[in-house]
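Below, each chain spelled out in residue letters.
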Amino acid sequence: RRSIPPGSRITVKEIADRYGVSSMPVREAFNMLGGEQLLRLNPYRGATVMAVTSDMMTQLNDVQSALESLLVELCLQKGYSKDLLEQMEAVNRQIADTGSGARERRFALNTEFHTLEYSPCKNHMAFNLFQRTVNQLHTIRRYYPAEAESVKKTVQEHQQILQCLRSRDVVSAIAITKLHSKHHIPEEESYPN
């Protein structure tokens, strides 16, 4: 769980002292978290920890959905090798085989699946934006339980995506990608304090 509640004011020195590190990496982390709207930077007064809201999650999911739809279309234009599709299939099998206590492993595997999926466009700006957004969403989502049904649904949707990629069906690939990227957004009152 988070140890610093939303609304808390923190300073670089305070966090550096708490974790026994120099101020430089803490300053860099503050800037990164400020860019991700998880901290509000207050010049010369530290930062304020921002609350994660359902509106924020909805907006992040909208951005991710748009990026993934663009990337799947661009990648299908470039084409997928048989080897790449087999790698994605193997990762999806690993997701299906993870136990209920392997949540972090599932997050990592899901990221690997989609990183492979969009790798034909890894030099495109949308790919870098996708990676940043998905990392931000995963950081937030790790505070919420992933039910077994959602894992099963993820594996099934990955299979549908793979079928579309194999058949080069752009329209269906985009539709399934949009559906897949719209994961459950927790109710406002379920956000951790």
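Placed above this text is the structure.
Okay, unusual backbone geometry next. Backbone geometry places Tyr 44, a non-glycine residue, at a positive phi of 65°. Its location among the elements puts Tyr 44 in the loop between strand S2 (39-41) and strand S3 (47-49). A positive phi is found at Arg 168, a non-glycine position, where the angle reads about 60°.

With that settled, the discussion passes to the packing of helix H5 (residues 103-117) against helix H6 (residues 125-141). In helix packing, the relevant descriptors are the interaxial angle and the interaxial distance, both defined with respect to the helix axes. At a minimum axis distance of 11 Å, the contact between H5 and H6 shows a crossing angle of 165°. Relative to H6, the element H5 lies roughly antiparallel. Helix-helix and strand crossings are classified by hand; for H5 and H6 the assignment is right-handed. Taken together, the residues of H6 that come into contact with H5 (itself represented by Arg 103, Phe 107, Asn 110, Thr 111, His 114 and Thr 115) are Phe 127, Phe 130, Gln 131, His 138 and Arg 141. A class-by-class count of the residues in the contact of H5 with H6 yields three nonpolar, six polar and two charged.

To continue, consider the nonpolar core. Leu 71, Val 72, Tyr 80, Met 88, Tyr 118 and Leu 165 are the most contacted members of the largest nonpolar core, which has 30 residues in total. When residues no more than four places from it in sequence are discounted, the contact partners of Tyr 118 are Glu 68, Leu 71, Val 72, Cys 75, Phe 127, Phe 130 and Thr 177. The next biggest cluster of nonpolar side chains, apart from the first, holds 10 residues, and it includes Val 12, Ala 16, Val 26 and Phe 30.

With that out of the way, let us pick up the packing of aromatic side chains. Both the distance between ring centres and the angle between the ring planes are used here to describe each pair of aromatic rings. Enumeration according to the criterion identifies two aromatic pairs in this entry. Ring centres of Tyr 118 and Phe 130 lie 5.0 Å apart, and the angle between their planes is 80°; on these two criteria the pair is classed as edge-to-face. You can see Tyr 118 sitting in the loop between H5 and H6 and its partner Phe 130 sitting in helix H6, a full 12 residues away along the chain. Since its relative accessible area comes to 2%, Phe 130 is described here as buried. Taking the centre distance of 6.4 Å and the plane angle of 45° together, the rings of Phe 127 and Phe 130 count as tilted. Within this pair, Phe 127 and its partner Phe 130 are both found in helix H6, separated by three residues, close to a single helical turn. Across the pair, exposure class does not vary: Phe 127 and Phe 130 are buried alike.

Analysis parameters
- Residues numbered from 1 in each chain as written.
- Predicted model: local features only at pLDDT ≥ 70, side-chain atom pairs only at ≥ 80, totals over all residues.
- Heavy atoms only, no water.
- Helix = DSSP H or I, 4+ residues; strand = E, 2+ residues; numbered from the N terminus.
- Axes fitted to C-alpha atoms, helices over the stretch in contact; angles between N-to-C directions.
- Parallel < 35°, antiparallel > 145°, perpendicular 65-115°, else oblique.
- Left-handed = near helix turned anticlockwise from the far one by under 90°.
- Contact = heavy atoms within 4.5 Å.
- Nonpolar A, V, L, I, M, F, W, Y, C, P; charged D, E, K, R; others polar.
- Core = buried A, V, L, I, M, F, W, Y, C linked by side-chain atoms within 4.5 Å.
- Buried < 20%, exposed > 50% of the residue type's maximum accessible area, 1.4 Å probe, protein only.
- Phe/Tyr/Trp six-rings, centres within 6.5 Å; stacked < 30°, edge-to-face > 60°.

Keep in mind these values describe shape, not function.
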